[in-house]
Amino acid sequence: MAEVWFYHLERSSLEAVLPGLLEKTREKGWRALIRTPDPARTAALDEHLWSYREDSFLPHGRSGDPFPERQPILIGEDGENRNGAQALFIVEGADLSAAETFERCFILFDGRDDQRVQAERERWRTLKGQGLSLAYWKQDEDGRWSRAA
């Protein structure tokens, strides 16, 4: 059964947090699937992961690209785990279906968006009712993450 970790983004943007989480995922030897709500968000994250730091990049592809099974990180809107990922990243309210097939699911959401916060609170209640292992992470004033629940 997958662990589900909620990341409440208040001090940092998705673009600032996601690469670090992906790097840690890769350090574990895991593959990652990033599920987005639409093609425009997929394209934006695709571009960002190639250039988020001058001295680094995260090798990845889009789910519709050739040979998705070869990609250590795959980005797309559909739910298919074409690269055999152990980690699922949910951004901007994307679908969480088939979460049980992953080792860990990361739900990253903008804490400055009241509608998104309410939607993720409801998702938390639903998942808790299903008996999943949940964790809630929040940033302190120094930008460090701490487990709040």
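Because the structure is a prediction, the values reported are computed rather than measured.

S.K.: Which parts of the structure should I look at to understand helix H3 (residues 114-129)?
M.R.: Helical geometry note: an α-helix holds 3.6 residues per turn, so side chains three or four residues apart project in the same direction. Between the first and last C-alpha of H3 there are 23 Å, a value that for 16 residues agrees with the 22 Å anticipated at 1.5 Å per step. For H3, every residue scored as buried is listed here: Val-117, Glu-120, Arg-123, Trp-124 and Leu-127. Buried residues of H3, seen end-on, are gathered within an arc of 120° and therefore sit on one face of the element. Away from its buried face, by an angle of more than 90 degrees, H3 presents the exposed residues Asp-114, Gln-115 and Gly-129. Buried residues along H3 sit against strand E1 (3-9), strand E5 (87-91), strand E6 (104-110) and strand E7 (133-139). Looking at where H3 begins, the residue whose side-chain oxygen comes 3.1 Å from the main-chain nitrogen of Gln-115 is Asp-113. Remark: Gly-131 follows H3 within two positions and exhibits a positive phi of approximately 85°.

S.K.: Looking at this structure, how should I read the sheet that holds strand E2 (residues 32-35)?
M.R.: Strands belonging to one sheet form pairs held by backbone hydrogen bonds; the direction of such a pair is parallel or antiparallel. Read from one edge to the other, the open sheet built from eight strands follows the order E3-E4-E2-E5-E6-E1-E7-E8, with strand pairing classed as mixed. Strands with a single pairing partner mark the edges of an open sheet, and in this sheet they are strand E3 (61-62) and strand E8 (145-147). Across the sheet, helix H1 (residues 14-27) touches E1, E2, strand E4 (73-76), E5, E6 and E8, and the angle it forms with E5 is around 175°.

S.K.: Got a minute to help me understand the pattern of salt bridges in this structure?
M.R.: Pairing of side chains with opposite charge becomes possible as their charged atoms draw close. As enumerated under the stated definition, the model contains 16 salt bridges in all. As a salt-bridge pair, Asp-110 and Arg-112 come within 3.1 Å of each other at their nearest N and O atoms. Each member of the salt-bridge network shares a partner with another, and the members are Glu-15, Arg-41 and Glu-92.

S.K.: Explain the packing of aromatic side chains here, please?
M.R.: The relative placement of two aromatic rings is captured by the distance of their centres and the angle of their planes. In total, this model carries nine aromatic pairs according to the counting rule given. Taking the centre distance of 5.2 Å and the plane angle of 45° together, the rings of Trp-5 and Trp-137 count as tilted. With Trp-5 in strand E1 and Trp-137 in strand E7, this pair connects stretches of sequence that are 132 residues apart. Residue Trp-5 is classed as buried on the basis of its relative accessible area, which comes to 16%. Here Tyr-7 and Phe-106 contribute two aromatic rings whose centre-to-centre distance is 6.1 Å and whose plane-to-plane angle is 35°, an arrangement assigned as tilted. Placement of the pair is Tyr-7 in strand E1 and Phe-106 in strand E6, with a sequence separation of 99 residues. Residue classification places Tyr-7 among the buried residues on the basis of a relative accessible area of 5%. Site record: aromatic cluster; members linked through ring pairs are Trp-5, Tyr-7, Phe-89, Phe-106, Trp-137 and Trp-145. When the ring centre of Phe-67 is taken as reference, the NZ or CZ atom of Arg-70 above it lies at 4.0 Å. Taking NZ or CZ as reference, Arg-104 lies 3.9 Å from the ring centre of Trp-5, over its face.

Criteria and thresholds
- Residues numbered from 1 in each chain as written.
- Predicted model: local features only at pLDDT ≥ 70, side-chain atom pairs only at ≥ 80, totals over all residues.
- Heavy atoms only, no water.
- Helix = DSSP H or I, 4+ residues; strand = E, 2+ residues; numbered from the N terminus.
- Expected span 1.5 Å × (residues − 1).
- Buried < 20%, exposed > 50% of the residue type's maximum accessible area, 1.4 Å probe, protein only.
- Arc of directions from axis to C-beta.
- Contact = heavy atoms within 4.5 Å.
- Polar contact = N/O pair within 3.5 Å; in protein donor to acceptor, adjacent residues only side chain to side chain.
- Pairing = 2+ DSSP bridges.
- Axes fitted to C-alpha atoms, helices over the stretch in contact; angles between N-to-C directions.
- Salt bridge = Lys/Arg side-chain N within 4 Å of Asp/Glu carboxyl O.
- Phe/Tyr/Trp six-rings, centres within 6.5 Å; stacked < 30°, edge-to-face > 60°.
- Lys NZ or Arg CZ within 6 Å of the ring centre and 35° of its normal.

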